[in-house]
Amino acid sequence: MGLSLDWSRELATCDPAYYKHQQKMFLDFLKVGLVERKQSKVNWDPVDQTVLANEQVIDGMGWRSGAPVEQRELTQWFFKISNYSEDLLTALDKLDRWPEKVRLMQRNWIGKSEGLLVRFALDAKTTPGGESELEIFTTRPDTLFGAKFMALSPDHPLATAAAAKNPKLAAFIAECKKIGTAQEAIEKAEKLGFDTGIRAVHPFDPSWKLPVYVANFILMDYGTGAIFGCPAHDQRDLDFVNKYGLGATPVVCPPGQDPATFIITTTAYDGDGRMINSRFLDGMSIEEAKEEVAKRLEKETRGNSAVGKRQINYRLRDWGISRQRYWGCPIPIIHCAKCGVVPVPEKDLPVELPEDVTFDKPGNPLDRHPTWKNVKCPKCAGAARRETDTMDTFVDSSWYFARFTDPWITTAPTDRKMVDAWLPVDQYIGGIEHAILHLLYSRFFTRAMKKAGHAGIDEPFAGLFTQGMVVHETYRTKSGEWAMPSEVKVEGADDNRRATLIATGEKVEIGSIEKMSKSKRNTVDPDDIIGTYGADTARWFMLSDSPPDRDVNWTEQGVQGAWRFTQRLWRLAHEAAEIAKSAPAKRPVEFSAEAIAVRKAAHSALAYVSEDIAKLHFNVCIAHIYEFAKALGDAIGNIESEKTPPDLAWAIVEAAGILVRLFHPMMPHLAEECWATLGYKTLVAAETWPQVEPELLVENTITLPVQINGKKRADITVPRDAGKDDIEAAVLALDAVKRALDGKSPKKVIVVPQRIVNVVA
RNA sequence: GCCCCUGUGGCGGAAUUGGUAGACGCGCCUGACUCAAAAUCAGGUUCCGCAAGGAGUGCUGGUUCGAGUCCGGCCAGGGGCACCA
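A quick note: this is a predicted structure, and the numbers were derived from the prediction, not measured.

About the criteria used
Residues numbered from 1 in each chain as written. Chains lettered and ligands numbered in written order. Predicted model: local features only at pLDDT ≥ 70, side-chain atom pairs only at ≥ 80, totals over all residues. Heavy atoms only, no water. Helix = DSSP H or I, 4+ residues; strand = E, 2+ residues; numbered from the N terminus. Buried < 20%, exposed > 50% of the residue type's maximum accessible area, 1.4 Å probe, protein only. Contact = heavy atoms within 4.5 Å. Areas by Shrake-Rupley, 256 points an atom, 1.4 Å probe, with all protein chains shown as cover. Expected span 1.5 Å × (residues − 1). Arc of directions from axis to C-beta. 1 Å grid on protein atoms, 1.4 Å probe; cavity = no way out; pocket = protein on both sides within 12 Å on 5 of 7 lines; lining within 4 Å. Points joined across faces, edges and corners; volume = space filled by probe spheres on them. Nonpolar A, V, L, I, M, F, W, Y, C, P; charged D, E, K, R; others polar. pLDDT = per-residue confidence, 0-100. Near = heavy atom within 4 Å. Polar contact = N/O pair within 3.5 Å; in protein donor to acceptor, adjacent residues only side chain to side chain. Core = buried A, V, L, I, M, F, W, Y, C linked by side-chain atoms within 4.5 Å. Axes fitted to C-alpha atoms, helices over the stretch in contact; angles between N-to-C directions. Parallel < 35°, antiparallel > 145°, perpendicular 65-115°, else oblique. Left-handed = near helix turned anticlockwise from the far one by under 90°. Pairing = 2+ DSSP bridges. Patch = residues over 30% accessible without salt bridge, like charges linked within 9 Å, V, L, I, M, F, W, Y side chains within 5 Å. Salt bridge = Lys/Arg side-chain N within 4 Å of Asp/Glu carboxyl O.

Draft legend 1. Layout of the overall build of chain A. Helices and strands together make up the secondary structure of chain A, namely 22 helices and 35 strands. The proportion of buried residues among the 761 residues of chain A is 45%. Partitioning the contacts of chain A with sequence separation of at least 6, the portion at a separation of at least 24 is 66%. Of the roughly 38,900 Å² of accessible surface on chain A, a fraction of 52% belongs to carbon and sulfur atoms.

Okay, structure coming up:
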């Protein structure tokens, strides 16, 4: 297709020469405290037999396998992306050349929430082991007087302790965990609770006791795994109390509601309002009440520390990178019974994947490869074993752009001079599907590389553009097999469209329009167009209609038009070359009206294309090139005499040169040919972009639309610098205006300079 | 459920950011060239109407001299998040 790629920089992330550096960075990140090994509940893909990050679970299914994801408890390696939660969030504001949509998605994913940690005292008589307090996290401390219950996650230590003494509770917790394994069930699960018998004390009223439940909708890994429930203002809590009959006292009254009659039944109120039923908070706004509660609880102490503490929580979790699969970069760690977790010494890098592996059984082949797995401990030389987890392949793509700046260096992941000179990437282009996965990981990785000394910047991509997907109809045979568009003949129109297999004539069903994929076989091969019409026509055609950020429904309708245009440009180049023979080399001092018209067409097209190409509005660029080519063709066609006047000849040569350079980015091969035809010895690719002459964009007379009551009724042509009064007088003399006014004088005449005139009748 | 985006001719899509709606291309129609066809060239093509004229950017109300563009309420399609306290 004539793409200009520097293949000398080609790299492969599966090449040990690449992942060697990745292992080095893993060890460096470990040194600076950005890698951690911990037990955690993980998303387990039962088909791929591997762990998935939260970001890789889509609607409860594995992003690759599509299988329902299960929860498992495993020891895993993590990159501490959450160290950068705040930075990753605030730095989004500075990424002004990123689509707002992507920034918003990342903001939501990071999910910052500000709230208060509150230590509730427990009635020790009621606790299993004399526990005296329970810490909860809330973003709504203002609703503390609406509290009806406390709730613990089934995984909360206090729940575990209570269950040890209460078999019924233990059974309830076991039931919760069973439901918790299938993601789909979680979404539909009813809110269930179990009263532990434990009683908590309200922080503002020692005599106010709250029952402590274990509830299936409380997550252990957010906040403290425990909450206080305010049913009137939280729908989940309301659903819960309505099941257990605990009641709901409203503490926030919506504007215009009478506090005396305001009640909550089945819908919680989470809007704005004034505090009610809340003692010293009554009458305050929500914000004032939050502040007041925080202030009071911060001051109050129990056992040498404050009862309340402000805290900011993030939804963003650390990035679990352990994968139990063969295809990935081995994690350069050795486990020794004596020394524990030992990093592989740098001189032993890379840890290469063994090649003699078998895939006959499910699970990780590295796990059952004795000679690879069993090694000596680098510290004590005793028997040890390798870490058999490999890294998530998203790690590979989190820094390849940095490696591109110097892919040849063997002694380090990056050459600091190179990486700092080249990065950040000026314009990154990718699909919206990477909005949080790849783009958030890369932002973290760049920061981590900075901390470990491998780069000097925070943000990898200064400009981001998300291109749309190419979509196409799907075709399916009676036996349920997918057919490719090239194998199918489609006839008829609208509701009568029908499709048959070209080979057999068998009828096929026309299915929905979907993203092109190998599995649905709804792909088209640009080689077909390239084969018939050439690469330039294919490029032009693909760029011409649809803006690149939108999805396109692929059709070859219109490719003929693109091909026709290449012919026209070719003819035009030859016609211009003929005129060039007699054109003066020196720029004429004076230009005729015809010559000026040609120059204006050239320079205004140049101005438009320059602007639109920077915005990646290629379809609009192409429209302007069509117009310009038409104007130039007309100008050449209008030459009557055998000998073209020298000034016009010069203008045509100038215009042809501009035209070729304008379409060169879209049709490089044709442009080079045309350039040579025009007599140039250089390559267009090596030429500079032409300069606009701004004075050619200014018109001496302008045509203003004339509206009557906001509807266009006429045009008027006036000198560019005509005064308002002159324009108004000319407008009122127009027939269309006189007719509309019917002898009366207008209420108002609005003259917007250089734009429009509106007569209000 | 919450958040976000999109909605313009027969089709893909333009519209200087509040100022001529439908650029440009496809398709279609008419004409020229031709014995004929293809190619090429010229003209037309939002809808209603023979015309004068009128209506018109998903629906509906508003702000404004003026709204595809801004605001409110709906409808439809797409995307993201979802027991995150």
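After presenting the structure, the write-up continues.
Draft legend 2. Main features of helix α16 (residues 559-580). With 22 residues, α16 should cover 32 Å at 1.5 Å per step; its first-to-last C-alpha distance of 31 Å lies within 8% of that length. Looking at α16, one finds that the buried residues are Val559, Ala562, Phe565, Thr566, Leu569, Leu572, Ala573, Ala576, Ala577 and Ile579. For α16, the angular spread of buried residues about the axis comes to 150 degrees, placing them on one side. Here the buried face of α16 lies against α14 (526-533), α15 (535-544), α18 (618-637), α19 (646-663) and α20 (668-677).

Draft legend 3. Quick peek at the layout of surface pockets. Within this model, the second largest pocket holds a volume of roughly 1,500 Å³. Along its surface, the second largest pocket is lined by 38 residues, and Arg539, Met542, Leu543, Pro548 and Phe618 are the ones closest to its centre. Contributions of two or more residues to the lining of the second largest pocket are made by β24 (428-431), β25 (464-467), α15, β31 (552-553) and α20. Element by element, the count of residues in the lining of the second largest pocket is highest for α15, at four residues. Taken together, the residues that form the lining of the second largest pocket break down as 23 nonpolar, 11 polar and four charged.

Draft legend 4. Expanded view of empty space enclosed by the protein. A full pass over the atoms with the stated rule returns two cavities of 30 Å³ or more. Estimated volume of the largest cavity: approximately 110 Å³. The biggest single contributor to the lining of the largest cavity is strand β2 (residues 50-52), with three residues. Taken together, the residues that form the lining of the largest cavity break down as five nonpolar, three polar and five charged. Approximately 50 Å³ is the volume found for the second largest cavity. Lining the second largest cavity are Leu569, Leu572, Ala573, Ala576, Leu632, Ala656, Leu659, Val660, Phe663, Cys674 and Leu678.

Draft legend 5. Region of the structure containing α19. The terminal C-alpha atoms of α19 lie 26 Å apart, and with 18 residues this matches the ideal 26 Å at 1.5 Å per residue to within 8%. Most of α19 sits inside the fold, with 16 of its 18 residues counted as buried.

Draft legend 6. The arrangement of the confidence of the model for chain A in detail. The share of residues in chain A with pLDDT of 70 or more is 98%, and the mean pLDDT across the chain is 88. This stretch, residues 180-185, has a pLDDT under 50; its non-local contacts, to residues over four places away or in other chains, come to 10 contacts. Here the prediction assigns the complex a pTM of 0.87, and the interface score ipTM is 0.93.

Draft legend 7. Structural detail: the protein's contact with RNA strand B. RNA strand B sits among 50 residues. The nearest are Thr139, Lys191, Tyr222, Arg236 and Arg564. The sugar and phosphate moieties of RNA strand B supply 62% of its atoms located within 4 Å of the protein. A distance of 2.8 Å separates a phosphate oxygen of RNA strand B from a polar atom in the side chain of Arg564. At a separation of 3.4 Å, a phosphate oxygen of RNA strand B approaches a polar side-chain atom of Arg571.

Draft legend 8. Expanded view of the side chain of Asp392. Locating Asp392 in the fold gives a position in the loop between β23 (390-391) and α10 (393-396). Note on Asp392: relative accessible area 3%, which makes it buried. Looking at Asp392, its side chain comes within polar contact range of the side chain of Trp319, at 3.2 Å. Leave out the neighbours within four places in its chain, and Asp392 touches Gln56, Trp319, Ile321 and Arg323.

Draft legend 9. Representation of the nonpolar core in the model. Counting residues in hydrophobic clusters, the biggest one holds 66 residues, and the most contacted among them are Phe26, Phe29, Phe79, Trp319 and Phe445. Contributing elements (two or more residues each) for this core: α1 (16-31), β5 (70-79), α2 (85-90), α3 (100-110), β19 (333-336), α10, α11 (400-403) and α13 (437-451). Sorting elements by how many residues they give to this core places α13 first, with eight residues. For Phe79, the residues in contact, after removing those within four places along its chain, are Phe26, Phe29, Leu34, Val35, Asp318, Trp319, Ile321, Val395, Phe444 and Phe445.

Draft legend 10. Focus on the packing of α18 against α19. It is the contact of α18 with α19, at a shortest axis distance of 11 Å, that shows an interaxial angle of 155 degrees. Taken together, α18 and α19 sit at an angle that is classed as roughly antiparallel. As for how α18 packs across α19, the hand of that crossing is left-handed. Listed contacts from α19 to Ile625, Phe628, Ala629, Leu632 and Ile636 of α18 are Ile652, Ala655, Ala656, Ile658, Leu659, Leu662 and Phe663. Of the residues belonging to the contact of α18 with α19, the class tally is 12 nonpolar, no polar and no charged.

Draft legend 11. Representation of the packing of α16 against α19 in the model. Between α16 and α19, the least distance of the axes is 9 Å, while the angle of their chain directions is 145 degrees. Considering how the two elements wind past one another, α16 and α19 form a crossing that is left-handed. Residues Leu569, Leu572, Ala576, Ile579 and Ala580 of α16 lie in contact with α19, whose contacting residues are Ala649, Ile652, Val653, Ala656, Leu659 and Phe663. By residue class, the composition of the contact of α16 with α19 is 11 nonpolar, no polar and no charged.

Draft legend 12. Focus on the sheet that holds strand β21 (residues 374-376). Across the sheet, which stays open at both edges, the four strands sit in the order β20-β19-β22-β21 with antiparallel pairing between neighbours. Only two strands of the sheet have a single partner each, and these edge strands are β20 (340-343) and β21. Sheet twist, expressed as the average angle between the axes of neighbouring strands with direction ignored, equals 40 degrees. Pairing of β19 with β20, which is carried by four bridges, proceeds in the antiparallel orientation. Along β20, the bridge assignment pairs Ile334 with Val342.

Draft legend 13. The arrangement of the pairing of strand β32 (residues 701-708) in detail. In this structure, β32 lies alongside strand β33 (residues 711-719), joined through eight bridges in antiparallel fashion. Bridge pairing links Thr703 to Thr717 in β33. Following β32, the chain reverses through two residues before pairing antiparallel with β33; Asn709 in that reversal takes a positive phi of roughly 55 degrees. Relative to strand β35 (residues 756-760), β32 is paired through three bridges, and the arrangement is parallel. Looking across to β35, one finds that Val706 is bridged to Val757.

Draft legend 14. Focus on a nonpolar patch on the surface. A surface patch of nonpolar side chains, about 540 Å² in accessible area, is lined by Met1, Leu3, Leu5, Trp7 and Met542. In this structure, Met1 sits in the segment before α1.

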